[in-house]
Amino acid sequence: MKIVVVGGDGFCGWPSALHLSRSGHEVVIVDSLVRRQIDDELGVQSLTPIANIAQRLDCWRELTGQAIEFIQLDVAHDYDGLLAVLRHQAPEAIVHFGEQRAAPYSMKDSAHKRYTVDNNVNATHNILAAIVESESAAHLVHLGTMGVYGYDTAPFNLPEGYLTVSFPDRHGEPVVREILYPTRPGSIYHLTKSMDQLLFQFYARNDGVRITDLHQGIVWGTQTEETRLDERLVNRFDYDGDFGTVLNRFLMQAAIGYPLTVHGTGGQTRAFINLQDTVRCIRLAVESVDQVRGGRVRIMNQIAETHRVRDLAQLLQRLVGAEIEYVGNPRAESDENDLAADNDQLVALGFTPILLEEGLLQESVEIATTYAERCDLFRIPSVSFWNRERRIAVTRS
């Protein structure tokens, strides 16, 4: 297929673009490079030194003979440019990573909240509107988040997007309906992903756009088979308090002998997936387009397993002898929760997940150790507070 990867220079987008290219697809990356600008804004850099986009793509062509085209474009604010790309490229699939992806960054202050809503919701709506206006038949594959479900304890496995509910009509007769699982976003970032869901439902029903929405767990790991081929292809490794995912932050902290910073009790249960599984799931979603019909969004939970945060910290403590430090939680969330979720659809497509015990934790520690001199210790703590009460509580603790 010809596939446009929006946000193909980012943490998940870059290795996904390479994996799709190596799998025989014709890939076009569309990206504004804003994630690199955010590094400058925050005064932090990826733990791994990432080459510029031209060097990355030249290296890929040199090693594989496969060309990936790059178009610099802000899909959230250049609708005419996006429409021209879809008309000229005529992709069969569009993979949408083009959103600000960090919950802490979205909660820094009102400016970052507004930016996240403006960027994420506009990007998604512009893509949908451009698909319709260009009369494209492209299948849209969107990287969403498990966070749309919220993190309250549920007495059952979270379903894949939908609930079947029954209620009495005005005559007392039962009515059965399929509805979206009620969202309970825990940050502005998660709120935008919840808003994406409503946009998808409308465009699927109103215009017959074929859409797959992947509710992904927290990603750990930084390398894939493709990014390991050459140092110029290496992926991002974010460790800072805004963009570093919890397990990757722990891995980096363990590598440099910094105490593992567990927020609150560490009793928060989260869903996880290895980066190599992320890129495989993206490909499986793209290539199974025959299972997607207009009128109903296909929603799949893209996860491998669930763990409590403190259990992850204790795992690394056993693995590398790391110390654990319990710190105040900047997030407004429950101290403890249970979480389990179904992922039957991806399993049916051939997804066999990589689990934490399979050795890649040690690989990530080794990568972090290799580039440890690039770490800025002052950027490790999370300094984004969810509200005034959380700021006061953490400061006092």
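As a reminder, the structure under discussion sits directly above these lines.
Criteria and thresholds
Residues numbered from 1 in each chain as written. Predicted model: local features only at pLDDT ≥ 70, side-chain atom pairs only at ≥ 80, totals over all residues. Heavy atoms only, no water. Core = buried A, V, L, I, M, F, W, Y, C linked by side-chain atoms within 4.5 Å. Buried < 20%, exposed > 50% of the residue type's maximum accessible area, 1.4 Å probe, protein only. Helix = DSSP H or I, 4+ residues; strand = E, 2+ residues; numbered from the N terminus. Contact = heavy atoms within 4.5 Å. 1 Å grid on protein atoms, 1.4 Å probe; cavity = no way out; pocket = protein on both sides within 12 Å on 5 of 7 lines; lining within 4 Å. Points joined across faces, edges and corners; volume = space filled by probe spheres on them. Nonpolar A, V, L, I, M, F, W, Y, C, P; charged D, E, K, R; others polar. Pairing = 2+ DSSP bridges. Axes fitted to C-alpha atoms, helices over the stretch in contact; angles between N-to-C directions. Phe/Tyr/Trp six-rings, centres within 6.5 Å; stacked < 30°, edge-to-face > 60°. Lys NZ or Arg CZ within 6 Å of the ring centre and 35° of its normal.

Caption draft 1: View of the nonpolar core. In terms of nonpolar packing, the biggest core is built from 41 residues, with I94, L128, L140 and I211 touching the most fellow members. Where this core is concerned, the elements lending two or more residues are β1 (2-6), β2 (26-31), α4 (79-89), α6 (110-133) and α7 (188-207). Here this core gets 7 residues from one element, more than from any other, and that element is α6. Setting aside chain neighbours within four positions, we find L128 in contact with L140, L199, F200, Y203, V209 and I211.

Caption draft 2: Inspection of the layout of surface pockets at higher detail. Considering only enclosed or pocket space, the largest pocket measures out at about 230 Å³ in volume. In this structure, the largest pocket is lined by 16 residues; those nearest its centre are Y151, G186, A332, E333 and S334. Class assignment of the residues belonging to the lining of the largest pocket gives a composition of 4 nonpolar, 6 polar and 6 charged. Reported here for the second largest pocket is a volume of approximately 170 Å³.

Caption draft 3: Spotlight on the sheet that holds strand β9 (residues 218-220). In spatial order, the strands read β9-β11-β13; together these 3 strands make up an open sheet with mixed pairing. In this open sheet, the two edge strands, each paired with only one partner strand, are β9 and β13 (305-308). Across the sheet, the mean angle separating the axes of adjacent strands is 45° when strand polarity is ignored. Alignment of strand β11 (residues 269-274) against β13, held across 4 bridges, turns out to be antiparallel. From the neighbouring strand, A271 faces β13, where its bridge partner is T306.

Caption draft 4: Spotlight on the packing of aromatic side chains. Enumeration over the complete set of coordinates arrives at 5 aromatic pairs. With centroids separated by 6.5 Å and ring planes inclined at 85°, the aromatic side chains of Y105 and Y115 adopt a geometry described as edge-to-face. In this pair, Y105 is assigned in helix α5 (residues 103-106) and Y115 in helix α6, connecting sequence segments 10 residues apart. Sitting over the face of the ring of Y151, R270 holds its NZ or CZ atom 3.8 Å from the ring centroid. A cation over a ring is seen here: R296 above Y162, with NZ or CZ 4.3 Å from the ring centre.

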